[in-house]
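# A structural walkthrough
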Amino acid sequence: MRTVALSGAVKVPALGMGTWMMGDSRFSRAAELAALREGIDLGLTLIDTAEMYGNGRSEQLVGEAIAGRRSEVFLVSKVLPSNASRRGTVAACEQSLKNLNTDCIDLYLLHWRGSVPFAETLEAFARLQRAGKIKHYGVSNLDLADMRECWHAAGGNAIVTNQVLYNLSRRGMEFDLLPWLREQKITTMAYSPLEQARLLDNADLKAVAKRAGISPAQLALAWLLRSDDVIVIPKGGSAMHVRDNAGARDVVLSADVEAELDRLYPPPVRADR
Ligand code: NAP
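Remember, predicted model here, so these are calculated numbers, not experimental data. (Residues numbered from 1 in each chain as written. Predicted model: local features only at pLDDT ≥ 70, side-chain atom pairs only at ≥ 80, totals over all residues. Heavy atoms only, no water.)

There is about 620 Å³ of room inside the largest pocket. Sorting the residues of the lining of the largest pocket by element identifies helix H8 (216-225) and helix H9 (239-246) as the ones contributing at least two each. Broken down by class, the residue content of the lining of the largest pocket amounts to 14 nonpolar, 13 polar and three charged. (1 Å grid on protein atoms, 1.4 Å probe; cavity = no way out; pocket = protein on both sides within 12 Å on 5 of 7 lines; lining within 4 Å. Points joined across faces, edges and corners; volume = space filled by probe spheres on them. Helix = DSSP H or I, 4+ residues; strand = E, 2+ residues; numbered from the N terminus. Nonpolar A, V, L, I, M, F, W, Y, C, P; charged D, E, K, R; others polar.)

In structure tokens form, the structure reads like this:
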């Protein structure tokens, strides 16, 4: 099983599952539960959710999918910036624990930067950690300037991840954020790795995938997985998509394919600001 050492320590699966827009409809619930359970069976045991997703409905779906299997999974959830005050963070976490039907979240993230000072949220994270309600904490959607500020706030150097938008068509973070995160041993978690499926319709990408004998989704995910320190969390709403995505772990991209992808989606030449 491909793993990433979270901040150089705890091993987690390099390929997990996202759950944004899941749990919203009773018509797709059975298929979504089957997708998540299939993913766990296949070793995609890192599951990403957030209090924001469907106002807790995604967390509830995850709670149902992992019932009786809590010890097999590594749960990631997020606090909304509007709840990220000293007391609000603790209250939000308690609610997420209820939604997920568990007593501990493995990794708890600040969803994006809001008006609450980082130090306040970090203090609450540390308190939750001491109480055994979260194991690790981190952030999401921070650019390099915000990331530096947060890292230097009290408790900031215990951050283990920055979950950011990163895929073939969104390579901006490679310019300065990714190298800086690597220097501090903060693990990158790539969200929307399929660009919410928009990547998969690209005729050039499809042609490269076809020549490589893999699906477009596998190509996009394998490209991210070639780095041994990036966690990738595609959302698959069906067992079929989850199985397809799981196959990306076995793909080794040739130098020719990588060069072709660099031509189609060039790396950044300047900071993304
Ligand atoms: P994504 O994973 O890039 O793409 C999901 C889309 O791709 C869905 O429409 C899905 O369709 C489709 N898909 C998945 N596997 C496929 C396959 N093998 N073949 C064809 N289509 C496939 O988009 P995302 O949901 O935005 O990102 C993934 C996760 O990252 C989220 O679910 C969430 O957990 C996290 N995220 C975090 C943030 C943040 O601010 N921190 C922001 C966005 C996302 P089906 O549903 O039909 O399978």
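The next point concerns the nonpolar core. Tyr108, Met147, Leu219 and Leu261 are the most contacted members of the largest nonpolar core, which totals 88 residues. A total of eight residues in this core trace back to one element, the largest contributor, which is H8. The contacts of Leu219, once residues within four sequence positions are left out, are Leu205, Val208, Ala209, Ile214, Leu253, Val257 and Leu261. (Core = buried A, V, L, I, M, F, W, Y, C linked by side-chain atoms within 4.5 Å. Buried < 20%, exposed > 50% of the residue type's maximum accessible area, 1.4 Å probe, protein only. Contact = heavy atoms within 4.5 Å.)

The subject of this paragraph is unusual backbone geometry. Phi is positive for Asn101, which is not a glycine, with a value near 55°. Checked against the element boundaries, Asn101 lands in the loop between helix H3 (86-100) and strand E6 (105-110). Here the phi dihedral of Ala197 falls at roughly 80°; this positive angle occurs in a residue that is not glycine. By the element assignment, Ala197 lies in the loop between strand E9 (187-191) and helix H7 (203-212).

Now for the packing of helix H1 (residues 29-41) against helix H2 (residues 57-65). The interhelical angle for the contact between H1 and H2, taken along N-to-C directions, is 55°, at an axis separation of 9 Å. Looking at the two axes, H1 sits oblique to H2. Considering how the two elements wind past one another, H1 and H2 form a crossing that is right-handed. Of H2, the residues touching H1 (which contributes Arg29, Glu32, Leu33, Leu36, Arg37 and Ile40) are Gln60, Leu61, Val62, Glu64 and Ala65. Across the contact of H1 with H2, the residue classes break down as six nonpolar, one polar and four charged. (Axes fitted to C-alpha atoms, helices over the stretch in contact; angles between N-to-C directions. Parallel < 35°, antiparallel > 145°, perpendicular 65-115°, else oblique. Left-handed = near helix turned anticlockwise from the far one by under 90°.)

Spatially, eight strands are ordered E3-E4-E5-E6-E7-E8-E9-E10 in an open sheet, and the strand pairing comes out parallel. Both outer strands of the open sheet, strand E3 (17-18) and strand E10 (230-232), are each paired with one neighbouring strand and no more. Where strand E8 (residues 161-165) meets E9, five bridges bridge the pair, whose relative direction is parallel. The partner of Val164 across the bridge, within E9, is Ala190. (Pairing = 2+ DSSP bridges.)

With that settled, the discussion passes to the packing of aromatic side chains. Given two aromatic rings, their pairing is described by the distance between the two centres and the angle made by the two planes. Per the stated rule, a full pass over the model turns up five aromatic pairs. Residues Phe125 and Tyr137 carry aromatic rings whose centres are separated by 5.3 Å and whose planes lie at 40° to one another, so their mutual orientation is tilted. Placement of the pair is Phe125 in helix H4 (residues 118-130) and Tyr137 in strand E7 (residues 134-140), with a sequence separation of 12 residues. Residue classification places Phe125 among the buried positions, given a relative accessible area of 1%. Between Tyr166 and Trp223 the ring centres are 5.8 Å apart and the planes differ by 65°, which places this aromatic pair in the edge-to-face class. Here Tyr166, found in the loop between E8 and helix H6 (177-184), pairs with Trp223, found in helix H8; they are 57 residues apart in sequence, far enough to count as distant. Here Tyr166 matches Trp223 in class, with each residue buried. (Phe/Tyr/Trp six-rings, centres within 6.5 Å; stacked < 30°, edge-to-face > 60°.)

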